[in-house]
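Inside the fold
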Amino acid sequence: MPEFILVLVNEVPVRVERGSTVAVALFVAGVPARRSVNGSPRSPVCGMGVCMECRAEVDGVLHSRTCQIVCEPNMQVRTQ
Amino acid sequence: MTRSFDVLVVGAGPAGIAAAVCAADEGREVAIVDENPHPGGQIWRIGRENTEHGKVVGDAEVWMRRLDRTSVQSFLGWHIFDAPAPKVLRAAWGPEVAELHFKSLIIATGARERLLPFPGWTLPNVLGAGGLQALVKAGLPIRGKRVVVAGTGPLLIAVAVYLRQKGADVVALCEQASTSNLLKFGIGLLGQPTKLADAVRFGWQSRGIPLRTSCWPTAALGRDKLERVALNDNGRAVEIEADYLACGFHLVPNCQLVSLVGCVLDGSYVRVDEFQQTTVADVFSAGETTGVGGVEAALVEGQIAGLTAAGARQKAASLLKERNATRRFTRLLDRTYALNPDLRRLPASDTIVCRCEDVSMKAVQGNASWREAKLQSRVGMGACQGRICGAACEFLFGWGMESVRPPIQPVPVGSLIGTRAENF
């Protein structure tokens with residue numbers, strides 16, 4: 001059976017399967033990862049750390065590539 | 001931290017793993033660097049869920065096991081960002097910096113998806129085809145979601161089959177190549193039994209998925225995220241409701257590092273001789289950087305590069321016949337999935353081309369070169385450093401990517417000026 005953990009996305013608890021990346025938590029939360037230069041919402045695109053569209057603040061580190069970071073219990077994620 | 005190796009391999013996909021294993025088996029001191037936390041690259045992606053039924057299988061299992069048995073030192077999660085002097089690369093892991101010295105360098109940095117701009121492609125829930133697959137492998141729940149898979153290349157069918165196995169409702173599989181090109185591809189495979197078997201297997205597994213050829217997305221529509229996909233299906237306009245659009249136009253090689261160390265490119269690929277030697281002494285390249293040929297090509301080229309770098313040229317020579325066969329497959333892929341020139345007309349004048357800096361089509365077109373477009377419009381000057389829009393502009397305008405400058409990945413300023421982590 002898959003095991004689930006909770007992370008906080010903009011203070012809201014989100015349930016993801018253990019081992020999921022932070023990018024997955026953003027999709028599950030239904031929030032865009034970031035706002036573009038002109039303010040339009042963006043979500044992860046390439047899934048492999050190239051496109052930079054998945055950047056968000058993870059445990060205080062701004063501009064983290066969320067598709068390359070695995071969720072830890074109670075991780076604090078903030079969209080940018 | 002400063003470390004020295006006989007052979008330094010960058011990229012731990014099939015080509016890099018094969019190269020590292022072969023060089024280590026010849027008794028050389030070898031290190032392998034990859035920015036992903038696990039070896040395997042994109043094709044043998046492991047992590048939360050392994051390649052099949054919870055374990056690594058097939059070639060992947062064989063080569064991962066061989067890698068484990070060697071003394072190869074792994075730098076996983078590290079990314080190369082600079083080549084400060086000949087025979088030295090600088091790598092970062094968070095704020096940590098390492099100087100890696102080498103006698104021979106093997107660059108096996110693989111490929112990324114080519115993404116092309118069309119109206120609405122920046123909407124949330126529009127991803128690359130491999131991009132959506134990677135996210136589902138990373139835990140994204142997809143059961144019951146309606147997905148349009150689109151673009152071009154053999155990856156599309158693999159992605160559609162994978163997503164359906166995970167419970168997605170693949171409502172359309174849109175391949176821009178024509179049916180006649182795909183038939184020629186099938187005929188071209190007749191001389192290559194393992195490739196033909198793969199094709200037949202995927203054909204069987206994909207039965208029931210509605211395949212449209214000469215078909216591509218013309219717009220992604222929705223308010224805050226994707227709701228519908230507009231398609232050009234053989235000249236006919238069609239709209240389909242969807243939760244995700246997974247759209248990628250085959251692959252482009254990751255040639256930033258080969259360019260940084262001064263290797264000459266032929267078009268978008270690095271120029272190598274039959275022993276995978278680039279135009280720079282003691283620098284080799286293997287796998288997708290030399291031509292997009294898939295995992296078999298990567299494995300044989302990686303072995304040749306690893307053996308040659310280790311001085312075992314005779315052993316490498318025994319693999320040249322196999323290399324010629326994989327090269328034929330590479331050329332067949334290029335012909336089959338050549339992009340329809342009509343795709344150049346997809347972006348409207350207000351369509352964003354550079355997603356990082358929000359630069360529109362009208363600001364980019366009309367420039368004479370990639371360099372001029374960057375200077376005039378900031379296209380390609382954002383966080384991805386042109387990895388997405390550069391490959392798009394190469395197709396849209398025929399521009400070559402002439403200059404690469406360090407850092408080739410964003411790094412903290414401290415890493416850039418050589419500050420060690422202990423000074424933070």
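Residues numbered from 1 in each chain as written. Chains lettered and ligands numbered in written order. Predicted model: local features only at pLDDT ≥ 70, side-chain atom pairs only at ≥ 80, totals over all residues. Heavy atoms only, no water.

Comments concerning the interface of chain B and chain A
The condition is simple: Residue contacts are counted whenever heavy atoms from the two residues lie within 4.5 Å of one another. Note on definitions: buried area is the accessible-area loss of two parts on being combined, 1.4 Å probe, summed for both. Salt bridges are counted wherever a side-chain nitrogen of Lys or Arg sits within 4 Å of a carboxyl oxygen of Asp or Glu. Counting from the N terminus, the helices are the DSSP runs of H or I reaching at least four residues and the strands are the DSSP runs of E reaching at least two. As a working rule, the residues Ala, Val, Leu, Ile, Met, Phe, Trp, Tyr, Cys and Pro are called nonpolar, Asp, Glu, Lys and Arg charged, and the rest polar, with Gly in that last group.
Contacts between the two partners involve 35 residues from chain B, matched on the other side by 29 residues from chain A. In total, about 2500 Å² of surface goes out of reach between chain B and chain A, with carbon and sulfur atoms giving 56% of it. At the surface where chain B touches chain A, the tally comes to three salt bridges. We note a salt bridge from Glu53 of chain A to Arg355 of chain B, for which the minimum N-O separation is 2.5 Å. Sorting the residues of the side of chain B that touches chain A by element identifies strand 7 (111-113), strand 8 (126-127) and helix 3 (129-137) of chain B as the ones contributing at least two each. When residues in the side of chain B that touches chain A are grouped by element, the largest group, three residues, is from helix 3 of chain B. Broken down by class, the residue content of the side of chain B that touches chain A amounts to 17 nonpolar, nine polar and nine charged.

Observations regarding the pairing of strand 15 (residues 244-249) of chain B
All names here are of chain B. Inclusion rule: Summary of the burial criterion: residues with accessible area below 20% of their type's maximum are buried, those above 50% are exposed, and those between are partly exposed, where the area comes from a 1.4 Å probe applied to protein chains only. Here a strand pair is declared whenever DSSP counts at least two bridges between the two strands.
Buried residues dominate strand 15, accounting for six of its six residues. Pairing of strand 8 with strand 15 involves two bridges; the strand directions are parallel. Within the sheet, the bridge partner assigned to Leu127 lies in strand 15 and is Ala246. Two strands pair when backbone bridges link them, and strand 9 (residues 146-152) and strand 15 are joined in this way by six bridges, in the parallel orientation. Paired with Gly151 across the strands is Gly248, a residue of strand 15.

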